[in-house]
Amino acid sequence: MVHQHGDGYEIPEESKVHRHGSWLPTDHRVQHAWLAKQISHVDANPDTPLAPVLVEFKQLIEGDARLFMYFSQMWEEIPLKKPYYKDPTGKKRQIRDYRHMLATMNHIFAQAPQWSEAAFGVGMVGVPMVVLFDYAMATPSGHAAFLDPEVNKMLKRVLNEWGKLLKSPKSAEVLGTHKEGWFSEHGQRDLMEVANTPLGTNHRFEDMYICDPSAKHYGYKSWDDFFTRPLRPSVRPIASPSDPNIITNACESKPYNISRSARLRDRFWVKGQPYSVLDMLAHDPLSAQFDNCTVYQAFLSALSYHRWHSPVSGRVVRAFVKDGTYFSEPLLEHADISSSNNNEEEEAVTLDIDKRGISVAQGYLTALATRAIIFIQADNPAIGLMAFVGVGMDEVSTCEITVAQGQKVAKGDQLGMFHFGGSSHCLLFRHGVKVGDFPPLDLGHNVPVRSQVAVVKP
């Protein structure tokens, strides 16, 4: 029973939202209650000064007529119809304008993600900025604002400041056993159910992860130290280490999508979000070799392990991080059928907001979000050059690569990690590579990292 998934109690249908990776609670009411609490604090303390980086953000918005228009209009463009006439707090446009947005960010960034216990359920808000921007980032003005290069540069600076808090000893306060702590009864139970389910084990936290259970906060010095916690190698053995045709899972993750014959360039922003390989690989010269390639994408869980491991043995040809967007999601079209004056049906194509938010924009994010790109020349000639892409999402977009160009890696070796969380990852195999036996997309749990994820036929 995983609280974050809404297990163990009845959730009204209008409050149930499937979230890939559980970065937000399945019970939308928990998210509502959390944000309402943050806004209540902000409204009760109107004279709290903004952090210096948020003062700079305010100056950026107010010093550019175009950005001033975007950030003023995005809140007004949320459709006044169900379910959008109520923002994620359950009250009509409770985030009133960009000034109120900045004040709420100021309060949220003074704390690390923690568990929230409401009268109807328990959950954890792992991406608080997504809760804040929810529908606004999918409006026309929000879409334009969060694609803007200057806005994304500023957001990177803002999030880096939050990152300093998440690496500080102060952030470890949320790792306690109190009701909102990660080692509370419900927090630890969720963590271990997600970790144990893939292999049917019954490990305790200290059996699964390298830590010191006798120390305060299990020995973790900060929130980030906890979130990048290493696994004990024995709990995730490498599948068939001597068989080069067995590809191992790069991340502890749940299957999301498989695409055969992904085109070098495609319209990644339209419905269906086809992969655009040239954009995914940041226009690197090596990307030309991946036209009509196979792409496997899987989603990481907020409750799980966030380090990446090599799926093959070989040599790192190139490794770099591509900066990108943080809160951009596609404006998807839908057909709105209405009756005209002559009673003939007309089809009007309009823009709408998917209430599931950015969790359904994963294909789109592979082309635009901040991402780590690692090309590996596999020792197995049946594979040859392949690529790993670690895709950041929203405020959890910090990618750290721990290997270098020219370095030899064995299957299962660490490649890097997401800090403060993560989003998804992709494996790309060139056209002609006979790769198959991927896990089913409807698998109800993570595929263990370093276990078999695919097979290549020579």
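Reference entry: report on the structure contained in this document.

Conventions adopted
- Residues numbered from 1 in each chain as written.
- Predicted model: local features only at pLDDT ≥ 70, side-chain atom pairs only at ≥ 80, totals over all residues.
- Heavy atoms only, no water.
- Buried < 20%, exposed > 50% of the residue type's maximum accessible area, 1.4 Å probe, protein only.
- Helix = DSSP H or I, 4+ residues; strand = E, 2+ residues; numbered from the N terminus.
- Pairing = 2+ DSSP bridges.
- Axes fitted to C-alpha atoms, helices over the stretch in contact; angles between N-to-C directions.
- Phe/Tyr/Trp six-rings, centres within 6.5 Å; stacked < 30°, edge-to-face > 60°.
- Contact = heavy atoms within 4.5 Å.
- Polar contact = N/O pair within 3.5 Å; in protein donor to acceptor, adjacent residues only side chain to side chain.

## A closer look at the pairing of strand S11 (residues 385–391)
Moving residue by residue along a regular strand, the side chains alternate between the two faces of the sheet.
Working step 1: Burial analysis of S11 places seven of its seven residues in the buried class, the great majority of the element.
Working step 2: Alternating residues of S11 divide into Leu385, Ala387, Val389 and Val391 and Met386, Phe388 and Gly390, and every residue in both groups is buried.
Working step 3: Sheet topology places strand S10 (residues 371–378) next to S11; seven bridges connect them, and they run antiparallel. Across the sheet, the residue bridging to phenylalanine 375 is alanine 387, located in S11.
Working step 4: Taking the residues that link successive antiparallel strands as the turn, the S10-S11 hairpin has six residues, and the phi of glycine 384 there is positive, at about 65°.
Working step 5: Two elements, S11 and strand S15 (residues 424–429), share six bridges in a ladder whose sense is antiparallel. Bridging from a neighbouring strand, valine 389 pairs with cysteine 426 of S15.

## Describing the sheet that holds strand S12 (residues 398–401)
Strand pairing in a sheet relies on backbone hydrogen bonds. The paired strands run either parallel or antiparallel.
Working step 1: Strand order in this open sheet of three strands is S6-S14-S12, and the pairing throughout is antiparallel. With partners counted over all chains shown, the strands left at the sheet margins are strand S6 (307–309) and S12, one partner each. Strand-to-strand twist across the sheet, computed as the mean angle between neighbouring axes with direction ignored, equals 20°.
Working step 2: For S6 and strand S14 (residues 414–419), the ladder comprises three bridges, and the chain directions are antiparallel. Its bridge partner lying in S14, histidine 309 is registered against glutamine 414.

## Considerations on the packing of aromatic side chains
Working step 1: Throughout the structure, instances matching the rule amount to 27 aromatic pairs.
Working step 2: Measuring from ring centre to ring centre gives 5.5 Å for tryptophan 182 and phenylalanine 226, while their planes differ by 55°; the resulting arrangement is tilted. Of the two residues, tryptophan 182 sits in the loop between helix H7 (149–166) and helix H8 (185–196) while phenylalanine 226 sits in helix H10 (residues 223–227), which places them 44 residues apart along the sequence. The pair tryptophan 182 / phenylalanine 226 is uniform in exposure class, with both members buried.
Working step 3: When the ring of phenylalanine 290 is compared with that of phenylalanine 375, the centres are 6.0 Å apart and the planes differ by 50°; the resulting orientation is tilted.

## So, the environment of tyrosine 275
Working step 1: Tracing the sequence through the fold places tyrosine 275 in the loop between strand S4 (253–262) and helix H11 (277–280).
Working step 2: Residues tyrosine 275 and arginine 263, spaced twelve residues apart in sequence, show a C-alpha to C-alpha distance of 7.0 Å.
Working step 3: Those residues in contact with tyrosine 275 that sit more than four places away from it in its chain are Asn257, Ser259, Ala262, Arg263, Asp266, Met280, Val295, Gln297, Gly363 and Thr366.
Working step 4: A distance of 2.5 Å separates the side chain of tyrosine 275 from the side chain of glutamine 297, its partner in a polar contact.

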